[in-house]
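What the coordinates show
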Amino acid sequence: MEKFNLENISLVIGILVILIGLWGLLTQKNLIKIIIGFALFDTGIHIVMVSIGYIKNGTAPILDNAVDINNAANAVVDPVPQALVLTAIVIGLGITALMLTYVLKMYQKRKSLEINNYNDLKW
Amino acid sequence: MIQLIIALFIGVLILIMAVIAIIHKNLVVGIIAAGAVSLFASVLYLLLSAPDVAMTEAAIGSGLSTIIFFYVLNKIKRQNG
Amino acid sequence: MVKNILIFIVLIGFAVLLANVFVGFKGNSELNTLANHYAVSGPEEVGSANLVTAVVVTYRGLDTLGEVTILFLSAAIVSFLLKIETSASRKRKLRTTSEILDTASKILVPVTLLFGIYVFINGHLSPGGGFQGGAIIASGLVLMLLSQPAKEVSHKLITIVESISGLSFVLIGVAGVIFAAGFLDNTLLSLGKFGTIFSAGLIPVIYIFVGLKVGAELSGIIANLQENQNEV
């Protein structure tokens, strides 16, 4: 029962989202579905990272009126994973846009979204 | 305690939406469900005391990336017809 | 059949790996040494009320520069790949937009852009910052393009804003090496009174440039993908 708290619940959610994303990535045949799988994988990893940085009963790492500045170290959650996830989300959008553009180019060549039709490198 | 109940509820919603995003045959429904996963994840970040991350996820994960998916899907459909 | 078994093995392997993370995670009740340093001496070293901003802009400023570069590269590749096909004759037949969308966007687009600017100017005091502000500005552009699909987005303007803000970001970093303690050191300006808008030294200035750069890059990606929507 000691595992039943906020950070463990969100850790489990993140892990399950990672596994669902990986499952979609491996089993789907449609290129756009594969990219959706990548996006879910991304979201899951972000949830896992933020929940690992959580401190029990911590407030947001912003030192305004709600937090005593001399007692900040005992009141706030870890800011480092949050800073990492912040940049990772923005990079994720760039990567998604890049993958979708390549899919568009591939579709113009072959007129197909099925991954089984792209077997030039298969041996 | 109320936080835990909200977190469990949000978690169940996230998992249902993630499964729908993968298995639904219609691509439009899949893309909307993937956007919903991001939107609920941003509520979860708010519970985990990460307002900065919640803002980024709500603006980028569920807003911009969904619209990019739709632009590409629309373009592909137009070439088809 | 063999493929399905292999997929199953990979999934089980990942599940075991991640289950180990869950079993080994005991939950934290206090900050680790590094985060403790940021929380205790962050306010006097950097002067930023938002500790995430302090980490992103100052303590890990070089990472932010690399991250903005990655975003620039992906935006450049997207525009390169989509540019070639648009050079052919463009015939755009446009749908008419509804009255509600048209009227609402006239009011909401300026407010959205203003809110984006507010978010990145106040990045050191409240939640938000350059990345969020840039994303909000790009969302305003999306709303504008939804209501007026025929509108030409000026790519020249996007390029100019993007280059100038990127160049200023790097120049501020180099000025930190020459006149202060190191690359992207924010004590070049005085730290000011903690918790006011003119505080935290160079952090608001750097975040304004990051916000403009991210906003221009995301707008460029969206404008490129939108532009060849309606041609056949």
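Residues numbered from 1 in each chain as written. Chains lettered and ligands numbered in written order. Predicted model: local features only at pLDDT ≥ 70, side-chain atom pairs only at ≥ 80, totals over all residues. Heavy atoms only, no water.

1. Here we look at the interface of chain A and chain B
Between chain A and chain B, the residue contacts involve 46 residues of the former and 43 residues of the latter. In this structure, the connection of chain A to chain B is made through 0 salt bridges. Counting across the chain A and chain B interface gives 3 residue pairs in polar contact (both at pLDDT 80 or more). Counting only elements with at least two residues in the side of chain A that touches chain B, the list comes to α1 (6-27), α2 (31-52) and α3 (79-110) of chain A. When residues in the side of chain A that touches chain B are grouped by element, the largest group, 13 residues, is from α3 of chain A. A breakdown of the residues in the side of chain A that touches chain B according to their chemical character gives 30 nonpolar, 14 polar and 2 charged. (Contact = heavy atoms within 4.5 Å. Salt bridge = Lys/Arg side-chain N within 4 Å of Asp/Glu carboxyl O. Polar contact = N/O pair within 3.5 Å; in protein donor to acceptor, adjacent residues only side chain to side chain. Helix = DSSP H or I, 4+ residues; strand = E, 2+ residues; numbered from the N terminus. Nonpolar A, V, L, I, M, F, W, Y, C, P; charged D, E, K, R; others polar.)

2. Some remarks on unusual backbone geometry
Not every positive phi belongs to a glycine, and K111 of chain A is a case in point at roughly 60°. Mapped onto the elements, K111 of chain A comes out in the segment after α3. Not every positive phi belongs to a glycine, and S49 of chain B is a case in point at roughly 60°. Within the element layout of this structure, S49 of chain B appears in the loop between α2 (27-47) and α3 (51-80). Judged by its relative accessible area of 11%, S49 of chain B is buried. (Buried < 20%, exposed > 50% of the residue type's maximum accessible area, 1.4 Å probe, protein only.)

3. Notes on the interface of chain A and chain C
With 46 residues of chain A at the interface, the matching set in chain C holds 50 residues. Each partner contributes to the roughly 4,200 Å² buried at the junction of chain A and chain C, and carbon and sulfur atoms together form 78% of this total. Linking chain A to chain C there are 0 salt bridges. The interface formed by chain A and chain C includes 2 residue pairs in polar contact (both at pLDDT 80 or more). If you list the elements that add at least two residues to the side of chain A that touches chain C, you get α1, α2 and α3 of chain A. Here the side of chain A that touches chain C is built from residues that sort into 31 nonpolar, 9 polar and 6 charged. (Buried area = accessible area lost by both parts, 1.4 Å probe.)

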